[in-house]
Amino acid sequence: MAKRVLTTESGAPVADNQNSATAGAGGPILLQDQHLLEKLARFNRERIPERVVHARGSGAYGYFEVTDDVTGFTRADFLSQVGKRTETFIRFSTVADSLGGADAVRDPRGFALKFYTDEGNYDLVGNNTPVFFIKDPIKFPDFIHSQKRDPFTGKQEPDNVWDFWAHAPEATHQVTWLMGDRGIPASYRHMNGYGSHTYQWTNAAGEAFFVKYHFKTNQGVRSLSADQASELVGKDANSHQTDLLQAIERGVNPSWTLHVQVMPAADAADYRFNPFDLTKVWPHSDYPLQRVGRLVLDRNPDNVFAEVEQAAFSPNNFVPGIGPSPDKMLQGRLFAYADAHRYRLGVNHTHLPVNAPRTAVVDNYGRDGVHATRNGSRHDKNYEPNSYAGPAQTDAALAAPLAIHGWTGTHEAPAHTKDDDFFQAGELFRLMSEDEKGRLVANIAGGLSQVTRDDVIEKNLAHFHAADADYGKRVEEAVRALRED
């Protein structure tokens, strides 16, 4: 079989890939060595900016199959009939650390899913927790700064982490999740995924519903203790990547069952919790889980950079029958995610194979920019409306309109009857077994006891006391014991 010919970027054959061109056998390198200069220049540009959050990630392809009829709630085509399959791509990730960080660390996990539907790509960007630390996007940059590496010490600082939480009582619920047993998943296969935000579904009759997504792992939830995680990080910092890759290569295809909670839109105004507050859940006793389908991962990417690192997920990629809600964190992410991809990958990142629709036809007036590969022909106009049979709007809204009223301004979210920052955190604590409570308290105290300011410690302790008297008492005693050692 004939050997493949090595070429330059312009397609010319390369005569020698082992020796640079020089002025004589021992002379200096010549500027005319185009192959050398091209290789060095490309090498210098191999890295793109890493994600500010969710930098360290793994991904896989698969499919979503509908198992239950949900057409009474949404007219989304990919959910339109039992048995229908849609190709998907998922990216799992840690949140706070950099691209070179370890997998088995105490951190929320990203659960970003792209459905390549016949009506365009639908992106569901969530986490492995049903809640988050904050409920207003204006606090997001500050929150992430407090959790990332300190600009002076170059490492994550307990003072920064707990100082922010001391001033964000709404974080108490998510802190309880994070410091509990599920704070370090044993693998990406052994954790649940959640849309976390509240979304809107609209059926064919135009009726609106608010929904929350729950992907329940069919492998069972498995987590690591702090000691187990430390040992695993020492053995394989890429443990979750290794596990996912090898499982799929062996044909052990991980899967999740998707359930949704469905709230009629008319219920939202008088619900006991603000249904659009990302720091709160809807108790299943109020809105039970309803099964939708299953997600199966069955193919590894061929190239991690091209397909995992260049994968771009944006929660504003909706399809007919699915839309946003007044969730303030979701509203902020509708801008921030897409803007992050334009910065990292360029305005034409949607042309990349991993981000491009599979069956839906892309037909619009977007032109030019860096790496434009879909720019139209001489017969295509780049403006609209026009007289040349270009693509035109459908006049059919993706989702039902949201009623708004009141004065513009910087308002706090309206309070509902059971709204406070601590009730649900206390409920979560009281659901735990004694062993689970012990590990939760030990995890919190291990970090909080390292804080150097007494006032920051006291503010955080006040949050745990407000959530549950026993919760606060245990954490306070554990912190005191560690600080006295």
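One can find the structure itself at the top, above this paragraph.
Thresholds, definitions, all that
- Residues numbered from 1 in each chain as written.
- Predicted model: local features only at pLDDT ≥ 70, side-chain atom pairs only at ≥ 80, totals over all residues.
- Heavy atoms only, no water.
- Helix = DSSP H or I, 4+ residues; strand = E, 2+ residues; numbered from the N terminus.
- Rg over C-alpha atoms; globule rule 2.2 N^0.38 Å.
- Buried < 20%, exposed > 50% of the residue type's maximum accessible area, 1.4 Å probe, protein only.
- Contact = heavy atoms within 4.5 Å.
- Areas by Shrake-Rupley, 256 points an atom, 1.4 Å probe, with all protein chains shown as cover.
- Salt bridge = Lys/Arg side-chain N within 4 Å of Asp/Glu carboxyl O.
- Core = buried A, V, L, I, M, F, W, Y, C linked by side-chain atoms within 4.5 Å.
- Polar contact = N/O pair within 3.5 Å; in protein donor to acceptor, adjacent residues only side chain to side chain.
- Pairing = 2+ DSSP bridges.

Enquirer: Go over the overall build of the chain, please, and point to the residues and values.
Expert: In terms of regular secondary structure, the chain is built from twelve helices and ten strands. Radius of gyration (C-alpha) of the chain: 25 Å, near the 23 Å computed for a compact globule of 485 residues. Taking the principal axes of the C-alpha coordinates as reference, the chain spans close to 80 × 65 × 50 Å. Across the 485 residues that make up the chain, the buried fraction comes to 46%. A separation threshold of at least 6 residues defines the contact pool for the chain, and within that pool the share at least 24 residues apart is 73%. A total accessible area of about 24700 Å² is found for the chain, and carbon and sulfur atoms account for 53% of it.

Enquirer: Tell me about unusual backbone geometry, and name the residues and values.
Expert: In this structure, the amide linkage connecting Glu 384 to the following residue, Pro 385, adopts the cis form with an omega of 5 degrees. For Pro 385, the position within the fold is in the loop between helix 8 (328–345) and helix 9 (423–431). Positive phi outside glycine occurs at His 371, with the angle close to 65 degrees. A positive phi is found at Ala 389, a non-glycine position, where the angle reads about 60 degrees. Examined against the element boundaries, Ala 389 turns out to sit in the loop between helix 8 and helix 9. By relative accessible area, Ala 389 is classed as exposed at 80%.

Enquirer: Explain helix 9 residue by residue, including any values.
Expert: Among all positions in helix 9, only Gln 424, Ala 425, Gly 426, Leu 428 and Phe 429 are buried. Tucked into the core, helix 9 has its buried residues touching helix 4 (172–179), helix 10 (434–448), helix 11 (454–467) and helix 12 (469–484).

Enquirer: So, the pattern of salt bridges: which residues are in play, and what are the values?
Expert: Here the structure, examined in full by the defined rule, presents 33 salt bridges. In this structure, Asp 421 engages Lys 135 in a salt bridge whose closest nitrogen and oxygen atoms are separated by 3.5 Å. Here Lys 135 lies in the loop between strand 4 (120–127) and helix 2 (140–147) and Asp 421 lies in the loop between helix 8 and helix 9, a separation of 286 residues in the sequence. Three or more residues are tied together by salt bridges with common partners; here these are Lys 135, Asp 277, Lys 280 and Asp 421.

Enquirer: Explain the nonpolar core to me, using residue names and the numbers behind them.
Expert: Counting 42 residues, the largest nonpolar core has Phe 133, Trp 162, Trp 165, Leu 448 and Val 475 as the members making the most contacts within it. Breaking this core down by element, the ones donating at least two residues are helix 2, helix 3 (158–166), helix 4, helix 9, helix 10, helix 11 and helix 12. Apart from residues no more than four positions distant in its own chain, Trp 165 is found in contact with Phe 133, Phe 143, Gln 147, Ala 171, Val 175, Leu 178, Met 179, Asn 460 and His 463.

Enquirer: Give me the side chain of Asn 355: which residues, what numbers.
Expert: One can find Asn 355 in the loop between helix 8 and helix 9. A polar atom in the side chain of Asn 355 sits 3.0 Å from the backbone oxygen of Gln 310. Not counting the four nearest positions on each side in its chain, Asn 355 is found in contact with Lys 114, Asn 121, Gln 310, Ala 311, Ala 312, His 349 and Thr 350.

Enquirer: Any details on the pairing of strand 9 (residues 290–299)? Residues and values, ideally.
Expert: The pairing of strand 1 (residues 57–66) with strand 9 spans six bridges and is classified as antiparallel. For Glu 65, the partnering residue across the bridge sits in strand 9 and is Arg 294.

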